[in-house]
Amino acid sequence: MLSRRSLLRGAAVAGAAAAVPGLAGCSDDSDALTFFFQASPSEAKVRLRLIEEFAKVRPDIEIQVQMAGPDPQQQIVTYCAGGKCPDVLMQWESYSRFAELGVLQDLNVFLDQDPQYAARLRADAVPSLLETFRFRDGQYVLPEQWAGIFLYYNRKLFDEAGLKPPPSRWEDAWSFAEFLDAAETLTKRDASGRATQWGFVDAWPVPRWSAAFFGMNNSGVEAFDPPVDPVRANIDDDRFIEGFQFYADLSVRHRVAPLSADLQSQSASVAALDLFTQGRAGMVLTGHWQFNGLLDASDLDFDITVLPVGPHGGGARSDIGTTGLAIAADSRKKESAWEFVKFATGPEGQRAVAESGLFVPALRSALQSPEFTKAHSRIRNLEVLTGGPDHSYHFPVTPLWPRLDDAFRRASDRVLRGGAPASWFKDEPVDELNRVLRGRV
């Protein structure tokens, strides 16, 4: 049997021959705790603020920041394969790959040693976020934020079009028909038929997953079953197919949105967001990570609303987009690392997150706090954010994620470009996804 180190080295060689940019190597001789994370400049400020707050209560633990480059997951593989794994690691829903390889420490070891803290955490945490990071009985990550998707809308354009404001809560979601009617009303064209204003744009650079959540909002079931360590795909469900097709038709048939398959890049998603900030789109699908950027658009009068629900759905849902903090299994400073992770994902750290306005906290006490409300004073429909974590479906959490996502991309692109109806999922696509999940691809 291959050792974990051999597996990691093999993955590193296969995945990246070039040197890893953006990080200084970890030093085994350093007494500092190394903290690896990816962030924009504004997000980095929040991270540094957390470190400053932590230093006030634990001045004995020095933290050395390691900023990630454009491919943080490959960087983790490379560093850990070389025996220089950072002590504290930012993680995403794709963490299970590292859990399976033994890169991540099972945090149940620390939670079991601190039952009082564990009880407080579980009472305050949003259950679905904790469950996302629980893999094969191990709790490998503690969540620090919810980063689901929803809709921003332009209040001025809605008023000018005579449209009533969209729903303010997930429990009062609008229907596919109501959403389409608003998008059609907001779309404007010149004499040549060229769109001068779009009803809807998607600034999430993975439209296949945007469409999947429309599918889930029509079917009432998750796209993969079970969502953590799935064994089968549900994309052949007729109701999922109908919802996915509805999303594709927004651009292909109804022409109320740019072709979604043309937006599968970071630059294209920025362009889509620019259409919204410039007042040339009535609604944009994206997440809270764009909130502060939209605040900088001084002439933009916006609010947020929920995704629509189809006729067969059990209610509107977002995605459990989340990040969290983990501890490297090979860390020589696990006790110090635990103290920092406990702080950053606990009440003190989450309070700083709430005050910053950059993230949606993962603890209910911070999510419902006056600090979070004050940081979002321009938002009337705050319940879209505070209710989002409880109204979300999972991404599939599986070590097979790269192959699964690639297979789903190939299946989805054909539908999103109008080359096949979504009913095509019943043929080869669902079989291929199931083969991936069975480890036969």
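These notes cover the structure that comes with them. (Residues numbered from 1 in each chain as written. Predicted model: local features only at pLDDT ≥ 70, side-chain atom pairs only at ≥ 80, totals over all residues. Heavy atoms only, no water.)

When strand S1 (residues 33-37) meets strand S2 (residues 63-67), the two strands line up parallel, connected through five bridges. Paired with phenylalanine 37 across the two strands is methionine 67, which belongs to S2. With respect to chirality, the unit in which S1 leads through helix H2 (residues 41-57) into the neighbouring parallel S2 is right-handed. (Pairing = 2+ DSSP bridges. Helix = DSSP H or I, 4+ residues; strand = E, 2+ residues; numbered from the N terminus. Right-handed = clockwise from strand over helix to strand, strands pointing away.)

This part takes up unusual backbone geometry. Proline 226 follows aspartate 225 through a cis peptide bond whose omega is -15°. Mapped onto the secondary structure, proline 226 falls in the loop between strand S10 (224-225) and strand S11 (232-233). Positioned with a positive phi, aspartate 137 is a non-glycine residue whose angle comes to about 75°. Positive phi is not limited to glycine here, since arginine 255 has a value of about 60°. Tracing the backbone through its elements, the reader meets arginine 255 in the loop between helix H11 (238-252) and helix H12 (266-277).

Next up on the list: the sheet that holds strand S13 (residues 302-305). The strand order S8-S9-S12-S7-S13 describes an open sheet built from five strands, whose pairing is mixed. Bordering the open sheet on either side are strand S8 (188-189) and S13, each of which pairs with just one other strand. Relative to strand S12 (residues 281-287), strand S7 (residues 149-154) runs antiparallel, the two being bridged by five bridges. Pairing of phenylalanine 150 across the sheet is with threonine 286, part of S12.

With respect to burial, helix H20 (residues 428-437) is a largely interior element, seven of its ten residues being buried. Burial in H20 covers these residues: Pro429, Val430, Glu432, Leu433, Asn434, Val436 and Leu437. Against the buried residues of H20 lie S10, S11 and helix H19 (401-416). At the exit of H20 stands glycine 439, carrying a positive phi of roughly 75°. (Buried < 20%, exposed > 50% of the residue type's maximum accessible area, 1.4 Å probe, protein only. Contact = heavy atoms within 4.5 Å.)

Attention shifts here to the sheet that holds strand S15 (residues 322-327). Pairing between the strands of a sheet is mediated by backbone hydrogen bonds and can be parallel or antiparallel. The strand order across the open sheet built from six strands is S2-S1-S3-S15-S6-S16, with neighbouring strands paired in mixed fashion. Each having just a single partner strand, S2 and strand S16 (360-361) make up the two edges of the open sheet.

A few words now on the side chain of threonine 322. Along the chain, threonine 322 turns up in strand S15. When its relative accessible area of 2% is taken as the criterion, threonine 322 is described as buried. Sequence-distant contacts of threonine 322, defined by excluding residues within four places in its chain, comprise Gln91, Trp92, Glu93, Leu129, Thr132, Phe133, Pro143, Gln145 and Ala147.

The next subject is the pattern of salt bridges. Considering all chains together, one arrives at 25 salt bridges under this definition. The shortest N-O distance in the salt bridge between aspartate 229 and arginine 136 comes to 2.7 Å. One end of the pair, aspartate 229, is in the loop between S10 and S11; the other, arginine 136, is in the loop between strand S4 (134-135) and strand S5 (138-139), and 93 residues separate them in sequence. By relative accessible area, which is 24% here, aspartate 229 ends up partly exposed. Between aspartate 405 and arginine 208 there is a salt bridge, and its shortest N-O distance comes to 3.0 Å. Taken together, the positions of aspartate 405 in helix H19 and arginine 208 in helix H10 (residues 207-219) put the pair 197 residues apart, joining distant regions of the chain. Residue aspartate 405 is classed as buried on the basis of its relative accessible area, which comes to 14%. Using a relative accessible area of 8% as the deciding quantity, one classes arginine 208 as buried. By sharing partners, the salt bridges in this structure join Arg58, Asp60, Asp114, Glu339 and Lys342 into a single network. (Salt bridge = Lys/Arg side-chain N within 4 Å of Asp/Glu carboxyl O.)

Another aspect to go through is H11. Look at H11: 20 Å from first C-alpha to last across 15 residues, which is about the 21 Å you get at 1.5 Å a residue. Among all positions of H11, only Phe240, Ile241, Gly243, Phe244, Phe246, Tyr247, Ala248, Asp249, Leu250 and Ser251 are buried. Contacts from the buried residues of H11 go to helix H9 (176-186), strand S9 (195-202), H10 and H19. (Expected span 1.5 Å × (residues − 1).)

Counted by the stated rule, this structure contains one disulfide. Here cysteine 80 engages in a disulfide with cysteine 85; their sulfurs sit 1.8 Å apart. Sign of the S-S torsion, about 40° for the bond between cysteine 80 and cysteine 85, identifies this disulfide as right-handed. Side by side, cysteine 80 and cysteine 85 carry an identical accessibility label, which is buried. (Disulfide = S-S within 2.5 Å.)

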